[in-house]
Amino acid sequence: MRFDSAPYLTYKKGSIFTNVRSTMNYDRSDPVVNETAQHIRDAQNHPGTTIPAKTGKKIPGAPTTTPLHRIYYDVTLRRQNRDTARAACQATWPNYSASGKDCDEYPFSTTKEGAKNANGNYSARALDSTDNQKAGSRLATWYNDDRILDGDAFYVKVK
């Protein structure tokens, strides 16, 4: 078990079992987040078909690969991850935001493995804004509820 405290979580102090693989789940049949779930699934299973193009692309985070690691305190890296992914979206889908879309990135901007330092091993895709924002909200809730702290490893499973 781990006993911890984190001022950025709803419950400032808590505990978790450490012998559990922390896994965020998305479902492609969930109409609220189906575009985001499909994007993550494509990134994990068919990275060579994602944007940006890169030969031999490998994207972490699936339960059968290496984990992602949450970043909370490094707001600069989180912003750089988002900016890098947005540049890829803008290059592929100019003015995507004018048509009600957001730039979704996987691995998430809130991870050490995000776009900025990924050396092209990430995926960016213009998705429906509501879908993308709901998926991000669910991730934030999961971080809180499962006590995923700054630096903690986790996986993402899509069914």
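For the structure itself, consult the block above.
What counts and what doesn't
- Counting restarts for each chain: residues are numbered from 1 in the order of the written sequence.
- Whole-chain, interface and lining totals are the exception, using all residues; otherwise, since this is a predicted model, local features are given only for residues with pLDDT of at least 70 and side-chain atom pairs are given and counted only at 80 or more.
- Derived side-chain values reflect all non-hydrogen atoms in the structure, with water molecules and hydrogen atoms excluded from consideration.
- By convention in these notes, a salt bridge is any Lys or Arg side-chain nitrogen within 4 Å of a carboxyl oxygen on Asp or Glu.
- Each helix is a run of H or I in the DSSP string that is no shorter than four residues. Each strand is a run of E no shorter than two, and both are numbered from the N terminus.
- Throughout, exposure labels follow a simple rule: accessible area from a 1.4 Å probe, protein chains only, divided by the maximum for the residue type, with under 20% read as buried, over 50% as exposed, and the rest as partly exposed.
- In this description, the term disulfide denotes a pair of cysteine sulfurs within 2.5 Å.

Visitor: Any chance you could explain the pattern of salt bridges here in plain terms?
Guide: Once their charged atoms are close, side chains differing in charge can pair, the charge on each being opposite to the other. For the coordinates displayed, the defined rule picks out eight salt bridges. The shortest N-O distance in the salt bridge between Asp4 and Arg2 comes to 2.9 Å. Among the ionic pairs, Asp83 bridges to Arg79, the shortest N-O distance being 3.6 Å. Within this pair, Asp83 and its partner Arg79 are both found in helix α2 (residues 75-92), separated by four residues, close to a single helical turn. You can call Asp83 partly exposed: its relative accessible area is 36%. Judged by its relative accessible area of 40%, Arg79 falls in the partly exposed class. Three or more residues joined by partner-sharing salt bridges are found here, namely Arg2, Asp4, Arg147 and Asp152.

Visitor: Even after reading the chapter, I still don't get the state of the cysteines, so can you show me in this structure?
Guide: Joining two cysteines, a disulfide is a covalent bond between their sulfur atoms. Applying the stated criterion across every chain, the model contains one disulfide. Here Cys89 connects covalently by a disulfide to Cys103, the sulfurs 2.1 Å from one another. Residues Cys89 and Cys103 are joined through a disulfide that is right-handed, its torsion about the S-S bond being 75°. Linking Cys89 in helix α2 with Cys103 in strand β5 (residues 101-106), this pair joins segments that are 14 residues apart in sequence. Taken individually, Cys89 and Cys103 each receive the classification buried, so the pair is uniform in this respect.

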